[in-house]
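# Coordinate inspection notes
Listed here are the chains, written in short residue letters.
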Protein chains: 4
Amino acid sequence: MAHTLGANQYGKAECRVVRVVRDTPRHEIRDLNVSTSLRGDFAAAHVTGDQTAVLPTDTQKNTAFAYAKLHGVGSPEDYALALGARLLEACPAAETAQVRVEEYGWDRIGDHSFVRRGGSVRTAVVTVGHDGTHVVSGITDLVLLNSTDSEFKGFLKDEFTTLPETDDRVLATSLVARWRHASVDGVDWNASHEAVTATLLRTFAGTYTRALQEMLYAMGSAVLDAQPGLAEIRFSAPNVHHFLVDFSDFQVDGLSNDGEVFVAADRPYGLIEAQVTRDDAPPADDAWLAVPGFC
Amino acid sequence: MAHTLGANQYGKAECRVVRVVRDTPRHEIRDLNVSTSLRGDFAAAHVTGDQTAVLPTDTQKNTAFAYAKLHGVGSPEDYALALGARLLEACPAAETAQVRVEEYGWDRIGDHSFVRRGGSVRTAVVTVGHDGTHVVSGITDLVLLNSTDSEFKGFLKDEFTTLPETDDRVLATSLVARWRHASVDGVDWNASHEAVTATLLRTFAGTYTRALQEMLYAMGSAVLDAQPGLAEIRFSAPNVHHFLVDFSDFQVDGLSNDGEVFVAADRPYGLIEAQVTRDDAPPADDAWLAVPGFC
Amino acid sequence: MAHTLGANQYGKAECRVVRVVRDTPRHEIRDLNVSTSLRGDFAAAHVTGDQTAVLPTDTQKNTAFAYAKLHGVGSPEDYALALGARLLEACPAAETAQVRVEEYGWDRIGDHSFVRRGGSVRTAVVTVGHDGTHVVSGITDLVLLNSTDSEFKGFLKDEFTTLPETDDRVLATSLVARWRHASVDGVDWNASHEAVTATLLRTFAGTYTRALQEMLYAMGSAVLDAQPGLAEIRFSAPNVHHFLVDFSDFQVDGLSNDGEVFVAADRPYGLIEAQVTRDDAPPADDAWLAVPGFC
Amino acid sequence: MAHTLGANQYGKAECRVVRVVRDTPRHEIRDLNVSTSLRGDFAAAHVTGDQTAVLPTDTQKNTAFAYAKLHGVGSPEDYALALGARLLEACPAAETAQVRVEEYGWDRIGDHSFVRRGGSVRTAVVTVGHDGTHVVSGITDLVLLNSTDSEFKGFLKDEFTTLPETDDRVLATSLVARWRHASVDGVDWNASHEAVTATLLRTFAGTYTRALQEMLYAMGSAVLDAQPGLAEIRFSAPNVHHFLVDFSDFQVDGLSNDGEVFVAADRPYGLIEAQVTRDDAPPADDAWLAVPGFC
C-alpha cells in the first residue's frame, strides 16, 4: 500500500537574539531565544528534493536578527507577530509561520550594566496564517513552594498503594503555564504578562489545596476571571516532591522532624497537566500545534 | 463568562526502573525510564479537591516497579502494555492510561557485568483505552552524519538571504523517530525495533540528498515499505550544522580547507519535522497525545 | 616497580537539604545542596576492602539532614562548619572533613509561600581539620553584562590572527568567584557575603575595561580592599561572546547595526581565570583542595 | 595591606573541531572538543589592561582548527602535543600551554556515513612547557555496573547510621579515569588508550569488591601493572546508587524482590576519589593543574 507525506514543518530553532537599545547613555537590553517554523506546501522538498519553494532556515535566522532592529523588541509577542508576518509573506508556499520566543530577564546595575535575573522565563508562541493569527503567552521555570496548607488524602487505594495520607506537606512545582489570547488586537503584551504572572503568584500563595490539581484549577480560574481577553490557559506542573526526612532511627534524644527538614527529590516526579477554558472561547485552530507540554 | 476544566492528565514521570534477571549466573539487565499518565474524569480533584477517584502517582510508581517483576521486561512495548492495562483497570475513572518508556542499552563485559552503551535511546509510548490500544515505538538521540553526498541549492531567496548554495556539505542530525504500529497483536517488538533501526541507518548511509527533508521522506518511505505492520512514522530532526572553517585569512602558505575541517555548531540549528503515513493507516486516535516533538 | 595508593577522599555528594523554619506562621526556608568528603587514612578500604574505619556516605548524608535541624542553617558557612566538625569527630581515621554547600535563594510571596529566585547561587566550601579550619565563600552563575565601555585591542598577532580590534564591544560573563576568609572566627557570614557580592556588582558596573582580565583584577582588588578579613579571591570567568550580527549583506536600505543586535554564542568561549591575593595572607593549606575551577 | 595578582590562565574553551579525512572515497572522521589555556607572565593584561603580550583566545581557536588540517588528528594526544607546542611558541609571554581534548567516537555505517557511538568519551590533557611536557590520557562517562559480587559491611557506625549491611548489592559508577604517562616519547597513543580501557573493563568485570574504594584500587593497580609507561592513575567515581525496591508492603501474594528490581537514584550519590601511583614515578609538575576532578 502506498504512503504519503503527512504534516511537516521546518525552521530555525534557538536563535539567541540580544537587542541593545542605546539611544541614550542609559541602555536597555532584551535577551531572546527565537525559533521559527514554516508550514505549508513543501512536498517537493521532501519527495523530489526540489528546494524552489523553501526559504532557507538560514534566511529565517537572518530575518530574526534583522527584525530585532527593523521592528524592535517592545515585547516578545509584538516582535514575534512582526517576524511571523514577514516570514509568511516572504515564503509563498507557507500557509502559517510560527514564532516561538523565550525571554530572559536582566536587572539593571548601571547605565549600561546588567545582571541576569534567572528564575522564570517569559514565553510567547505566535502563529500567523492566512486565516488568522494566534498568540499564546506564557511562563516557564516558575518554581513555587508552599511550606504548609497542602494536604493529600482520601485518594483511591489498591494493593500497590503504600503512600500515607497527609494533612500537611510541602507543595512545590516548576510551573509551565501558557495562555491563549482571544484576540491579538490592542493588547498591551507587557502589562498583560505582568498581570497574569501576578495572579498566578497571588493565587498560589493564597490557596489551601488538597492536590496539585486543585491548585492548577484555582490558578487557571483566577487568571481567566481577572483577564477577560484570555480564551484559555494550560498548565504543565511537575510535583517536585519534598519528602520529610525520617529521623526516627537516629539515636539522638529529642530529635524529631515536624515538617522542618525535607529532601528535595529529582526523579520520579508527579506530573499534573490541565487546561481551563472560557466557555465562549474562540477556536484554537493551530495555536497550540507543536507547542511543548500538554497541548 | 464562565470557564470549564478542559483536558487533563496526571501521572508519575521518570521512574528509573532497573530490572536484573538472575535466574542463572549469567545475569540480564533492562534499564528503563518509565512515565505513566491517566486521563479520564478527574474533574472533582481539580474543582473541589476530592481525591476519591485519584489513584496516586505514588501508586503508579509502585506499580511500575512491581510490574518489572510480576510481568517482566521482555521489551519496552510488552512491559508498557501490561502496565498500562493494569493502571486502567485499577483506576475506574480513567479512560486511557499512557505509558512512556525510554530504554538505555548496556553491553555485556562479564556474566554479571555491563557497560552502558550510550548513543541512541529506544522509546515506546503505549496508550491503553477502553476503545483500543496504540503502540508507538521509536528511537531518540540517534546521531547520524554524512560527510558528503549532501547538497543544498536552488532554494528561495529574499533580501535577507546570504547563504551560498552548495554542492557538497556535511549533513548531520540527532534524529528522533517514532512509528505507530497498525496493530498491537502478535508483534515481535524487539525484532521490529531492530529492523526499523537497521532500515533507518541503511537509508541514511545510502541516500544522496538535496535537503534534510528529502532524507526524512526517504527514511520514512523505506521503513513503511519494509514494515507492513506500521501505520506511520514521524521525525523530528535538528540539522546539526557543521560549518566549513574559513582558512582564507590565515597567513599560511598552501593552507586550504576542502571539506576537511568543520566547526560543529550548537545553536541555532535547523529543525525539520515530517510525517510519512501509509494510505490505509487505521486512525491514530490519541496515540500521539502528549508525545514530545512534532506530533 | 611497585605502586602505592595516593591521595583519596570519599563522601556523599549533592544532598538536597531543604530546611523550613516554622516557629511562627511566617515560615522561613533555606534550600541547600550539600556535599561532604572525608580525607585521612582509609588505605585499608582501598587495599584490603576492610571498612572498619569508614563512616558510610549514607551516614554522612543522614548527618547532613539531621544537622539542618540540630544546628540549623543560619548561613551555609555556619552550617558547614558544624557539620564538618561533627563528621571529623565521628570518623577517627579522618584528618579533614570538607563540606561544600550551594544555596538557592527564594523570594517570599506569602507567609508560607515562596518563589525560587534563580540567578546566582551562593556557595561555601569549609574544610575542618585537626590543624585548622578554612572557609571559602563564593558565588556561581552570576551572569553579568556591560553593553559598552569594553574594548579589546593592541593584542599580540600571528599568522592565525583574524580578530579585528575593537573599541566598543559587549562584555559578558557567567562569573564564578570564591574568596577565602583569613579567619573563621566572629564572621557575620551573611553580611560578608552580601557585601562581597555588592562590591562585585558595583565594580563590574563601574569599570571601563580593555580585557576581561582587567575586570577580574579590578573586582578582586575592590573586594580585598573593602573586606580586610579576606585572604584571597579566585575567579573563573567565561567570556560569553556576544558577536555583532553582520547586516551588511542584507538588501535592505538603511539597515545598519551600530552595537544594537548581537548573537549570544554558546561555544567556544574564552575562559579567563585569575587569583588576587593579599600580601600577608595566611597559608591556604588544603582550603582549595578539590574545589572546582582554577584552584 | 596590599594585594597581588596570583596564578592566572586564559584560553579558548570547547572548540568543536570536526576533522574529515577524505583522501579516498572511504572517509574518516575525528570529532573533538578542544580547549586551550596559556599560563605565564600576563600581569599587564590584568593590572594595566595592556594586551601586548596576549595572544587572543580567538587566535587560539583559529589555531586549533587549522592544526586539525596542518598536523592532523592521528590521536587526541598527538594533536594536542602539536597544538600546545605551537601556542607556546606563538606567545612568548607564556610559560606553559595546556590543551584539553575530548573525543567522541563514531561508528561507520557507510563509506562516508557514521553514527555517533555515545557512551564513554576519550580525553587527553597535554601540558607543554619550556621545562617539559606532560600527557594525561583518560576516559569519562564510562558507566559500569556489576549486578552482584559487591558487598558493603563491617563499616564504622555512629548514632546517625541506619544503613543495613549487605552481602549482595548492585555496584555502579560513571567512571572518570585519568592516567599520566611517564614519558611522551614513542608512545602509540591509540594503542595505549585501548589497552588501558580494556584493562579497566576486565578488572571491573572480574573483581569481587567490598567497597567501591577497593574496585578503584584494583583497577588502578591492574592498569599500572599492565602499562609500564604510566606514572599514575586517578579516579573520580560516583557511586550510582541502585536501591532495591521494597515490595514488602504491597498486598500481592508471592511478590518478592531478591535483587531483581532496583531504582536508579540521581542524587545524592557517593563520590569516591583515589589515586594510585607508581613508586618511581617522575614528578607531575603542573600536569594536573586545572584538570577537573580530584586532581
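It should be emphasised that the depicted structure is a prediction, and the values quoted were computed from it without experimental measurement. (Residues numbered from 1 in each chain as written. Chains lettered and ligands numbered in written order. Predicted model: local features only at pLDDT ≥ 70, side-chain atom pairs only at ≥ 80, totals over all residues. Heavy atoms only, no water.)

### Things to note about the relation of the copies chain D and chain A
Rotating chain D by 180° and moving it 0.0 Å along the rotation axis overlays it on chain A with an RMSD of 0.0 Å. This pairing of chains is accounted for by a two-fold axis. No C-alpha of chain D approaches the rotation axis more nearly than that of Asp266(D), which lies at 3.4 Å. Both copies share a contact surface, since 100% of the interface residues of chain D are interface residues in chain A too. (Least-squares fit on C-alpha atoms with pLDDT ≥ 70 in both. Contact = heavy atoms within 4.5 Å.)

### Some details on the interface of chain D and chain A
On the side of chain A, nine residues touch chain D, which itself brings nine residues to the contact. For the chain D face of the interface with chain A, the top three residues by lost area are Glu159(D), Phe160(D) and Asp266(D), together amounting to 44%. The interface formed by chain D and chain A holds two salt bridges in total. The partner of Asp266(A) in a salt bridge is Arg267(D), and the shortest N-O contact between them spans 2.8 Å. Linking chain D to chain A there are four residue pairs in polar contact (both at pLDDT 80 or more). (Buried area = accessible area lost by both parts, 1.4 Å probe. Salt bridge = Lys/Arg side-chain N within 4 Å of Asp/Glu carboxyl O. Polar contact = N/O pair within 3.5 Å; in protein donor to acceptor, adjacent residues only side chain to side chain.)

### Comments concerning the UniProt feature "binding site: urate" (unreviewed entry) in chain A
Following the UniProt record, one finds the feature "binding site: urate" (unreviewed entry) at Thr57(A), Asp58(A), Phe152(A), Arg169(A), Gln213(A) and Asn239(A). Annotated residues spanning 183 residues; largest pairwise C-alpha distance 50.8 Å, indicating distribution over more than one region. Position of Phe152(A) relative to the elements: it lies in the loop between β8 (132-146) and β9 (171-181). Setting aside its immediate chain neighbours within four residues, Phe152(A) contacts Leu163(A), Glu165(A), Thr166(A), Arg169(A), Arg210(A), Ala211(A), Gln51(B), Val54(B) and Pro56(B). Take Gln213(A): it is sitting in helix α5 (residues 212-226). Contacts of Gln213(A), omitting those with residues within four sequence positions, involve Ile272(A), Tyr10(B), Ala45(B) and His46(B). (UniProt positions renumbered as here; feature names shortened; annotations may be inferred. Helix = DSSP H or I, 4+ residues; strand = E, 2+ residues; numbered from the N terminus.)

### Overview of a negative patch on the surface
A surface patch of negative charge is lined by Asp41(A), Glu95(A), Asp131(A) and Asp285(A). Turning to its location among the elements, Asp41(A) is positioned in the loop between β3 (28-40) and α1 (43-47). (Patch = residues over 30% accessible without salt bridge, like charges linked within 9 Å, V, L, I, M, F, W, Y side chains within 5 Å. Areas by Shrake-Rupley, 256 points an atom, 1.4 Å probe, with all protein chains shown as cover. Lys, Arg positive; Asp, Glu negative; His and termini not counted. Charge placed at Lys NZ, Arg CZ, Asp CG, Glu CD.)

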